[in-house]
Amino acid sequence: MRTTPCGHDDGSDVIVVGGGAAGLAAASAAASDGATVTLVEREGHLGGILQQCIHNGFGLHRFGEELTGPEYAARDARMVEADPSIRVLMDTSVLAVDGDDDAFDVTLVGPEVGMAHMSARSVVFACGSRERGRGAIGIAGSRPAGVYTAGSAQRLCNCDGALVGRRVVVLGSGDIGLIMARRMTWQGAHVLMVCELASEPGGLRRNIAQCLDDNSIPLHLSTTVTRVFGHDRLEAVEIADVDPRTLVPVPGTERRVECDTLLLSVGLIPENAVITATGAEIDQTTGGPAVDESLETSVPGVFVAGNELHVHDLVDFVSEEGGAAGHAAAAHALGDADRDAAPTWVRVTKGEGVGSLTPQRLRDPADEVTLRLRVRSRMTDAVISIMSGDAVVKRVRKRVVVPSEMQTVRLTPADLAPVTGDLVVSCSEREGVE
Amino acid sequence: MSDVERREFTCVRCPMGCSLTVSLDDGVVTDVTGNGCPRGHAYGEHEATHPERVVTSLVRVAGDFRPVSVKTVSPVPKECVADVLAAVAATTVEPPVSIGDVLVPDVCGTGVDVVATRASA
Ligand SMILES: Cc1cc2nc3c(=O)[nH]c(=O)nc-3n(C[C@H](O)[C@H](O)[C@H](O)COP(=O)(O)OP(=O)(O)OC[C@H]3O[C@@H](n4cnc5c(N)ncnc54)[C@H](O)[C@@H]3O)c2cc1C
Ligand code: SF4
């Protein structure tokens, strides 16, 4: 352990950055393997985004019941708080992680530690995701109050008790936008419409039915917001039809919609502010770091899980992934003979139909591997195939695959036996089937 | 002449999201089409005759600007959703609140309790 001038140092075997579903699972897993763990959370509560997701639909796979987000978070938080080998630092931000392999220097700031350096042998990043804002989609017009990302409106409403507006237009039909359209309606606002640039809704059909149809909220596909009006507060937006192929607004279709609030639900991207500075390689398609099957990044000893790796739609899989990263981080910290062996790298690449994929490489192609992927477009009667050269490693049939549902494929050592070189993962509709 | 009616639903039981058409005769389901599997038949029948929803919302806590989140412990009839929301919105509770505390018993006479899903100190 090392003491620094600007703060005391209680080094840990494993430091977990972020106390959402992924970080909570990682901390518990690493502690259960005998590691000492420090969990650092920037907010005043554990559970991350789950605290603002007050609707039900969490934990069906893991607990066999449909919990709300805060209930799911509470189950994991209780376990972490009761574990004597986990130290939890709340209201504390990790600013930087320097060093490598098993001598990391983590810079953090918070009320309990002040500005401090802390040493660790492994680091698990579980910082979640951030929302794309208006800057990312470029809407013309003034800069009035009343334009929010759907997630920040959700937090203001569900955690801070503030309804952000009364007459609402939602741009983007991702699940957060759909859920917020229902929430704002249920809290007494008038949600006028949801506009979606694409010709297909971004969110799950289940949410279209239960959030929009149930509340008679119209969904306008191939429609976007082209301009906002208002000086101090939003007064109206201009919407327009878009050409379904080019996604360019069609001149002459513009119309004005009077509203005081615009919610943007135009996608999530992994929160990579801190991990990027470690030098970890980033995959441009997932937006998160590239990892091997143990969720280790290109920097040995740095692991990543949850939305920071690859934006997930089911928290159950986020927890599973956090657990896997925690076990691997503990193994790295405590010294594991298997991990010391020189790896025989195998690359895992995206073939036809696959939009994003993790892990991007395998360290030991004889181990169990969990592949997670998103397809590019909706397909029915689809087959996900994993090939190694001409050899079929695995084929999985799916009645339907949609980009909004992450697919999970598990490969056993037996599946991986014929692997001789790089793996290619693709997804297509079966021949001769519409 | 009997009262024949056709209604459209989206099945939410799996990501296929099949478009169901349910035929009713005097309120009795006579046919479900468009379902990709038997689960869709059951869903269509249920949605057409007695649709239900779990309601999640917020309850004010005295002395705190932060509300607690709540849910109905089981689904309530869909036509009661607006009344349940109004009853929940009209409620203010005293802290502390623990997860699982019953905040509105037998909401709107549905026989279903509204419980806290988040704690408040
Ligand atoms: C609106 C919405 C609805 C959803 N609905 C469902 C659903 O119905 N069912 C379902 O299963 N899943 C659902 N999900 C998905 C699931 O809830 C999330 O994928 C999951 O909770 C993400 O967990 P995470 O730990 O990766 O990230 P987060 O929960 O975002 O946690 C990241 C944590 O890291 C902290 N942090 C970030 N940077 C730092 C730093 N530098 N230092 C310290 N701390 C830091 C943050 O404060 C945060 O607490 C939904 C998600 C959203 C957004
Ligand atoms: S009918 Fe069957 S296949 Fe279609 S959405 Fe419902 S459960 Fe899925």
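Residues numbered from 1 in each chain as written. Chains lettered and ligands numbered in written order. Predicted model: local features only at pLDDT ≥ 70, side-chain atom pairs only at ≥ 80, totals over all residues. Heavy atoms only, no water.

J.: Account for the overall build of chain A, with residues named and values stated.
T.: If you tally the helices and strands in chain A, you get 10 helices and 28 strands. Whereas a compact globule of 434 residues would reach a radius of gyration of roughly 22 Å, chain A reaches 23 Å, a difference of no more than 12%. Based on the C-alpha atoms only, the size of chain A along its principal axes is roughly 65 × 60 × 40 Å. Across the 434 residues in chain A, those meeting the buried criterion constitute 54%. Pairs at least 24 apart in sequence give 61% of the contacts found in chain A among residues at least 6 apart. (Helix = DSSP H or I, 4+ residues; strand = E, 2+ residues; numbered from the N terminus. Rg over C-alpha atoms; globule rule 2.2 N^0.38 Å. Buried < 20%, exposed > 50% of the residue type's maximum accessible area, 1.4 Å probe, protein only. Contact = heavy atoms within 4.5 Å.)

J.: Summarise the interface of chain B and chain A; cite the residues concerned and give the values.
T.: Listed per partner, the contact involves 24 residues of chain B and 27 residues of chain A. For the pair chain B and chain A, the summed buried area comes to about 2,300 Å², and 55% of that belongs to carbon and sulfur atoms. The tally of links from chain B across to chain A stands at 3 salt bridges. Linking arginine 53 of chain B and aspartate 214 of chain A is a salt bridge whose minimum nitrogen-to-oxygen distance equals 2.5 Å. Where chain B packs against chain A, one counts 9 residue pairs in polar contact (both at pLDDT 80 or more). (Buried area = accessible area lost by both parts, 1.4 Å probe. Salt bridge = Lys/Arg side-chain N within 4 Å of Asp/Glu carboxyl O. Polar contact = N/O pair within 3.5 Å; in protein donor to acceptor, adjacent residues only side chain to side chain.)

J.: Which residues make up the site of ligand 2, and what are the values?
T.: The environment of ligand 2 is formed by Cys11, Arg13, Cys14, Met16, Gly17, Cys18, Asn35, Gly36, Cys37, Arg39 and Gly40 of chain B. Residues of the shell around ligand 2, tallied by class, amount to 5 nonpolar, 4 polar and 2 charged. (Near = heavy atom within 4 Å. Nonpolar A, V, L, I, M, F, W, Y, C, P; charged D, E, K, R; others polar.)

J.: Now, about the domain arrangement of chain B: what can you tell me, with residues and values included?
T.: For an interface, size is often stated in terms of accessible area lost upon the parts coming together. Its domain assignment divides chain B into domain 1 (4–50) and domain 2 (56–116). For domain 1 of chain B and domain 2 of chain B, the distance between their C-alpha centroids amounts to 31 Å. (Domains from an automatic or database assignment.)

J.: Report on the sheet that holds strand E25 (residues 379–388) of chain A, specifying residues and quantitative values.
T.: All names here are of chain A. Spatial ordering of the open sheet is given by E23-E21-E28-E25-E26, a layout of 5 strands whose pairing is mixed. Edge strands, defined here as strands with exactly one partner in the open sheet, are strand E23 (361–362) and strand E26 (391–401). Taken together, the 7 bridges between E25 and strand E28 (residues 423–429) define a ladder with antiparallel strand orientation. Each residue of the ladder has a partner; that of serine 385, found in E28, is serine 426. (Pairing = 2+ DSSP bridges.)

J.: For the domain arrangement of chain A, give the residues involved together with the corresponding values.
T.: Residues and elements named next belong to chain A. For chain A, the assigned domains read domain 1 (7–130 + 269–341), domain 2 (133–266) and domain 3 (348–429). Spacing between the C-alpha centres of domain 1 and domain 2 amounts to 32 Å. On the domain 2 side, the residues contacting the 7 residues of domain 1 number 9 residues. Between domain 1 and domain 2, roughly 750 Å² of surface is buried when both sides are summed, and carbon and sulfur atoms account for 48% of that area. Taken together, the connections running from domain 1 to domain 2 amount to 2 salt bridges. Scanning the region where domain 1 abuts domain 2 turns up 4 residue pairs in polar contact (both at pLDDT 80 or more). Of the residues contributing to the side of domain 1 that touches domain 2, the split by class is 2 nonpolar, 3 polar and 2 charged.

J.: Help me get a handle on a negative patch on the surface, residues and values and all.
T.: There is a patch of like negative charges on the surface, built from Asp338, Asp364, Asp367 and Glu368 of chain A. If you trace the backbone, aspartate 338 of chain A turns up in helix H9 (residues 337–340). (Patch = residues over 30% accessible without salt bridge, like charges linked within 9 Å, V, L, I, M, F, W, Y side chains within 5 Å. Areas by Shrake-Rupley, 256 points an atom, 1.4 Å probe, with all protein chains shown as cover. Lys, Arg positive; Asp, Glu negative; His and termini not counted. Charge placed at Lys NZ, Arg CZ, Asp CG, Glu CD.)

J.: If you had to explain the environment of alanine 391 of chain A to someone new, which residues and values would you point to?
T.: Relative to the assigned elements, alanine 391 of chain A resides in strand E26. A relative accessible area of 28% places alanine 391 of chain A in the partly exposed class.

J.: Account for a nonpolar patch on the surface, naming residues and giving values.
T.: Residues and elements named next belong to chain A. Taken together, the side chains of Leu95, Val109 and Met115 define a hydrophobic patch exposed on the protein surface, amounting to about 230 Å² of accessible area. Assignment of secondary structure puts methionine 115 in strand E8 (residues 114–125). Given the relative accessible area of 38%, methionine 115 is considered partly exposed.

J.: Could you give an account of the side chain of asparagine 207 of chain A, with specific residues and numbers?
T.: All names here are of chain A. Mapped onto the secondary structure, asparagine 207 falls in helix H6 (residues 205–212). When its relative accessible area of 11% is taken as the criterion, asparagine 207 is described as buried. If near-sequence neighbours (up to four positions away) are discounted, asparagine 207 is found in contact with Asp175, Leu178, Ile179 and Leu212.

J.: Explain the confidence of the model for chain B to me, using residue names and the numbers behind them.
T.: In this model, chain B carries an average pLDDT of 93, and 98% of its residues clear a pLDDT of 70 or more. We note a pTM of 0.93 for the whole complex and an ipTM of 0.91 for its interfaces. (pLDDT = per-residue confidence, 0-100.)

J.: Explain the site of ligand 1 residue by residue, including any values.
T.: All names here are of chain A. The local shell around ligand 1 holds 35 residues, among which Glu41, Ile49, Gly57, Asn307 and Val315 are the closest. Glutamate 41 is positioned such that a nitrogen or oxygen atom in its side chain is 2.7 Å from an oxygen atom of ligand 1. Taking aspartate 313, its main chain carries an N or O atom lying 3.0 Å from a nitrogen atom of ligand 1. For ligand 1, the protein covers 93% of the area, taking 1,000 Å² as the surface of the free molecule. Of all the secondary-structure elements, those providing two or more residues to the shell around ligand 1 are helix H1 (21–32), strand E3 (56–58), strand E6 (93–100) and helix H8 (315–334). Here the element with the most residues in the shell around ligand 1 is H8; it accounts for 3 residues. Here the shell around ligand 1 is built from residues that sort into 16 nonpolar, 14 polar and 5 charged.

J.: Break down the pattern of salt bridges for me, with residues and values.
T.: Residues and elements named next belong to chain A. Taken as a whole, this structure holds 26 salt bridges over all chains when the rule is applied. Between arginine 206 and glutamate 66 there is a salt bridge, with its nearest N and O atoms 3.8 Å apart. Pair noted here: arginine 206 is in helix H6 and glutamate 66 is in the loop between helix H2 (60–63) and strand E4 (67–68), with a separation of 140 residues, a long-range link. Here aspartate 241 and arginine 255 are joined by a salt bridge, their closest N and O atoms 2.9 Å apart. Residue aspartate 241 is found in strand E16 (residues 236–241), and its partner arginine 255 is found in strand E17 (residues 255–258); the two are separated by 14 residues along the sequence. Overall, aspartate 241 belongs to the partly exposed group, its relative accessible area being 28%. What makes arginine 255 partly exposed here is its relative accessible area of 32%.

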